[in-house]
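Spelled out, the chains give:
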Amino acid sequence: MDHMTSKVAQIGDIRIGQGHPLALIAGPCVIESRDHTLKMADAIRRICNELSIPFIFKASFDKANRSSFHGFRGPGLDEGLRIMADVRQHVSVPLLSDIHDASQAKPAGDVLDCLQIPAFLCRQTDLLAAAARTGRCVNVKKGQFLSPEEMSNVADKLRESGCNNFLFTERGTFFGYNRLVNDMTAIPRMQTYCPVVFDATHSCQQPGGAGTQSSGQRQFVGPLAAAAIAAGADALFMEVHDDPDKAKSDPATVYPLDQLSNLLTGLLRIAEARSDS
């Protein structure tokens, strides 16, 4: 197939891609409670408003891919979507969450502005097709086991299912066991197909590194995000928490809320220098 290029994607009223400013997709890894979710959405929105960064709120209603059977998964589809709808009502930001099963696509699409496909599921044809049929933007995380060029097949599946509004997200590639590395050339290579997001927090994961959960190296979030923006990423994905060590999911890599503004300020300078070059 002749692979077309989608230069711009749209999530709610935010346009991401060629000719548009760096956007941020951020929020806690999982919905921990209604009050915490609303608090995080409002706090990140305020930071982004101060810095004039387009912001999409992310939180998962179900983490179906936990390392352990006993890992916290979230409130589930129905309650999780009710909480996300409250975020829209009270905070007025576009919404993104991940789906793990084709049956979740329609109810999620009725509430969310963007449906996210987890990296481990990026080749699941039925899941991609169901997400595409909702008419919402679709963000697909590149599998840690795929080359950038293999994502052309994902682009074809989405387009053949009626979706031309989609993004790909780079989140690291397996390097042996419990280790991820980033090849920043993946960003311009996947921009052949669509705008590209860089997932700065999951790229610092050590999958399964703590036995019953993933470990990670949060100290590298900033350097990797800086490199990705310099390489041309269209948007940044970060999981953010006001008390990372007590986060109910991915405590080793979620980024501290109180450090977010300083990080984004520095990253904007890189984005501006890139656009001037």
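In what follows, the structure referred to is the one given above.
Now for a look at the structure at hand. (Residues numbered from 1 in each chain as written. Predicted model: local features only at pLDDT ≥ 70, side-chain atom pairs only at ≥ 80, totals over all residues. Heavy atoms only, no water.)

Let's talk about helix 2 (residues 77-91)
Move 1: Look at helix 2: 20 Å from first C-alpha to last across 15 residues, which is about the 21 Å you get at 1.5 Å a residue.
Move 2: If you check which residues of helix 2 are buried, you get G80, L81, I83, M84, D86, V87 and V91.
Move 3: Those residues of helix 2 hidden inside the fold are in contact with helix 1 (34-51), strand 4 (55-58), strand 5 (95-98) and helix 3 (105-109).
Move 4: Positioned one or two residues after helix 2, S92 has a phi angle of 60 degrees, which is positive. (Helix = DSSP H or I, 4+ residues; strand = E, 2+ residues; numbered from the N terminus. Expected span 1.5 Å × (residues − 1). Buried < 20%, exposed > 50% of the residue type's maximum accessible area, 1.4 Å probe, protein only. Contact = heavy atoms within 4.5 Å.)

Here we look at the packing of aromatic side chains
Aromatic ring pairs are defined here through the distance separating the ring centres and the angle between the ring planes.
Move 1: Under the counting rule described, the total for this entry stands at three aromatic pairs.
Move 2: Measuring from centroid to centroid gives 6.4 Å for F55 and F57, while their planes differ by 75 degrees, and the two rings are edge-to-face.
Move 3: Accessibility expressed as a relative area gives 5% for F55, which makes it buried.
Move 4: Here the aromatic residues F166, F168 and Y193 are joined through ring pairs into a cluster of three or more. (Phe/Tyr/Trp six-rings, centres within 6.5 Å; stacked < 30°, edge-to-face > 60°.)

Focus: the nonpolar core
Move 1: Residues L24, I44, V140, L158, F168 and M238 are the most contacted members of the largest nonpolar core, which totals 72 residues.
Move 2: The element best represented in this core is helix 8 (residues 257-276), accounting for seven residues.
Move 3: Leave out the neighbours within four places in its chain, and M238 touches L24, I25, A26, G27, A200, T201, V221, Y255, L260 and L263.
Move 4: If you look at the next biggest cluster of nonpolar residues, it comprises 14 residues, including A9, A23, I25 and L96. (Core = buried A, V, L, I, M, F, W, Y, C linked by side-chain atoms within 4.5 Å.)

Some remarks on the pattern of salt bridges
Move 1: Counted by the stated rule, this structure contains 13 salt bridges.
Move 2: One salt bridge connects D42 with R46, and the closest N-O pair in it is separated by 2.8 Å. Placement of both D42 and R46 in helix 1 is noted, with a separation of four residues, approximately one turn of the helix.
Move 3: A relative accessible area of 49% places R46 in the partly exposed class.
Move 4: Between D199 and K141 there is a salt bridge, and its shortest N-O distance comes to 2.6 Å. In this pair, D199 sits in strand 11 (residues 196-199) while K141 sits in strand 7 (residues 137-141), placing the two residues 58 residues apart along the sequence. Here D199 matches K141 in class, with each residue buried.
Move 5: What emerges from the salt-bridge pattern is a single network uniting R34, D35 and D86. (Salt bridge = Lys/Arg side-chain N within 4 Å of Asp/Glu carboxyl O.)

Considerations on unusual backbone geometry
Move 1: Look at S52: it is not a glycine, yet its phi comes out positive at around 55 degrees.
Move 2: For S52, the position within the fold is in the loop between helix 1 and strand 4.
Move 3: Unlike most non-glycine residues, S92 shows phi in positive territory, near 60 degrees.

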